[in-house]
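Letter by letter, the chains look like this.
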Amino acid sequence: MTNPATLQAMLAQLDLDALTRLGQKVDLPGLLSSVSQLNDGQLKQLARTLGGGGGRTADLPAPDGDFYGQLDRLTPEQREVRAQVRTFMTDQVRPIMNVYWNRDEFPQQLIPELRKLDLVRRVWNEDGTRKPDATLVEGLITLEACRVDVSTAVFFGVHAGLAFASIALGGSEEQKAEWLPKMLDLEAVGAFGLTEPEGGSQVSQGMRTTCRRDGDSWVLNGEKYWIGNSPFSDFTVVWARDEDTNEVRGFIVRAGTAGYRVEKIEGKTALRIVENGHVFLEDCRVPEADRLQATRGWRTTAEVLRLTRAGVAWQGVGCALGAYELALGYAQTREQFGKRIGEFQLIQNHLVHMLGNVTSMLALVLRLSDMADAGEMGDEHASLAKVVTAARCRETVALARETFGGNGILLQNGVAKHFADTEAIYSYEGTNEINTLVVGRAITGFSAFV
Ligand SMILES: Cc1cc2nc3c(=O)[nH]c(=O)nc-3n(C[C@H](O)[C@H](O)[C@H](O)COP(=O)(O)OP(=O)(O)OC[C@H]3O[C@@H](n4cnc5c(N)ncnc54)[C@H](O)[C@@H]3O)c2cc1C
C-alpha cells in the first residue's frame, strides 16, 4: 500500500484544472483506486515514466559533459557544425551502430549522408590551405562524433585528416587540383599508409617498404598494416623509402593498381566499425605523376602527423564525454536498495571524477586547437595533449563502465563500445610511450629515444 506521505506529496503537485479536463476523458476514480494500491517503488516508477525522458524524472539535471560551458565561446558557425554532427550521429549513426559493430563493417550508406553535411569544407579550402579555425572545427566534429561512436570519427579523420593533409602538404598544384575537390565532396575516399607489420613506433627509422624509380614510374614493394578505410578507399597514400637515396617519399596509389592488394583486418576488439587493411605492394608500378611532388622526406610525413594528432586528442575527449553522459543518465534511473544509484556517495564520486577528467581534457584541447590555428603548436604540445587525453579517457570510460555494473559490458547500453574503442585511441597516432618521449625531449633537452 502507498505511504500516505508519498501520496500527499504527489497530490500537492496536481494541477486541478488539468485534472478536471482529464476526468472528462478517463475514469479518474477507478484510476486513483488502482494507483492507491501501488507501493512506494511502483509509484516512483510511475512518476518517472510520466515525467518522460526515458525514465528520468524531469526535475533532475540533464547529463551535459560541458560543465564549465567551455563551448559557449563558439561562434554561430562553429555551433552550427557541432549541432549538425550531433543530429547526424543521433539520427543516422546511433540507430545502426551496434549492428555494424557486430558485423565488423563500415556502413557505406553513411558516406552520402556525410557528403550532404559538407564537413570537409569546414576545415579545408579547395587549394589545400586550412580555414582559420580548422583545428577547432575539426575538433568539434570529432568531439560530437566520438560522443556517440569513435569509429565514425576515425573514418572521417583518416580521410579528411591524414589522407587530405598528405596531398594538401605534399602534392603539386596539379595533384591538389585533381584530388582535393573530390575529397572535399567525399567523392573519392582516401587512406593513409605509413605503419608496417614490423614498423609501428619505429617506422620513421626502419621503414621497409621501398620505392625504385624505373623510367616514368616507380616500383613499390612492401606491406602496410592497420590502414584505416583502405579496404574500400579510392586510393591510399603510401609512404616508402627510396632504395637509392634512402629518402621517404609519398605516393598516391589508386585502388585497382596492379600489384596493390588489401586484406581487411578481421577480429578487432576496438573500433570494429571502421575498416582497417593489410596492404600488400608487390612490384606495384605507380606513375611518376602520382608521386607526391612537394614532399620534403620524412619532414612532410611528420607535419601531417602533427596536424592530426590534435584531432586524436579530441577523440579522447569525445569518447570520455559520451561515456560520462551515459553513466550519469544511468545513475539517475537505475535503482538498487530502493534508491537510484546516483544517490549513493560512491557512485557520485565516480561521476565527479569522470566530470573532472572531461572538463580538464576539454580545456586542454581547446587551448591546443587555438595554438594550432595560430601556428603556435609544436610536436610536443600535440603529444602532451594526446598523452593526457588518452590516459584520462581510459580512466573515465572504465569508471563509466563500472557505474553500469554488469550492464556495462552489454553493447546495447552504449558504454561498452566507448570502453573498447579507448584502447585503440590509446595506441595509435603515437603510443603513450612515444608521445611521452617527444614531450620529455622537449622539456629536458635530452632525447631518451633508443
Ligand atoms: C585501430 C588502429 C588504426 C590505425 N590506423 C592507421 C592508419 O590509418 N594508418 C597508419 O599508417 N597506421 C595506423 N595505425 C597504426 C598505429 O599508428 C600504430 O599501431 C602505432 O604507431 C603503434 O605501433 P605498433 O602498434 O606497431 O606498436 P609498437 O611500435 O610495436 O609498440 C609496442 C609497445 O612498445 C612501446 N615502444 C615502442 N618503442 C618504444 C620506445 N622507444 N620506448 C618505449 N616504448 C616503446 C610502445 O609504446 C608500445 O607500448 C592504426 C592502429 C590502430 C590500432
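Placed above this text is the structure.
The structure displayed is predicted, hence computed values, not measured ones. (Residues numbered from 1 in each chain as written. Predicted model: local features only at pLDDT ≥ 70, side-chain atom pairs only at ≥ 80, totals over all residues.)

## Observations regarding the overall build of the protein chain
Along the protein chain, the regular secondary structure elements total 16 helices and nine strands. Sorting the 450 residues of the protein chain into buried and exposed places 44% on the buried side. When contacts within the protein chain are restricted to residue pairs at least 6 apart in sequence, long-range pairs at least 24 apart make up 74% of them. (Helix = DSSP H or I, 4+ residues; strand = E, 2+ residues; numbered from the N terminus. Buried ≥ 20, exposed ≤ 12 C-beta atoms within 10 Å, placed from the backbone. Contact = placed C-beta atoms within 7 Å.)

## A look at the nonpolar core
Ranked by internal contacts, the top residues of the largest apolar core, which has 118 residues, are Phe-251, Ala-320, Tyr-324 and Ala-327. No other element matches the 18 residues that helix α12 (residues 298-333) contributes to this core. When residues no more than four places from it in sequence are discounted, the contact partners of Ala-327 are Leu-351, Met-354, Ala-400, Thr-403, Phe-404 and Val-415. (Core = buried A, V, L, I, M, F, W, Y, C linked by C-beta atoms within 7 Å.)

## Overview of the site of the ligand
Neighbouring residues of the ligand: 21 residues in total, closest Leu-194, Gly-200, Ser-201, Thr-431 and Glu-433. Of all elements in the fold, only β1 (190-193), β3 (217-228), α15 (415-427) and α16 (432-444) reach the threshold of two or more residues within the shell around the ligand. (Near = placed C-beta within 6 Å.)

## Some thoughts on the pairing of strand β4 (residues 235-242)
Along β4, six of the eight residues are buried, which leaves the element largely enclosed by surrounding structure. Where β1 lies against β4, four bridges are found, and the strand directions are parallel. In the sheet register, Ala-191 faces β4, and the bridge partner there is Thr-236. Relative to β4, strand β2 (residues 210-214) is paired through two bridges, and the arrangement is parallel. (Pairing = 2+ DSSP bridges.)

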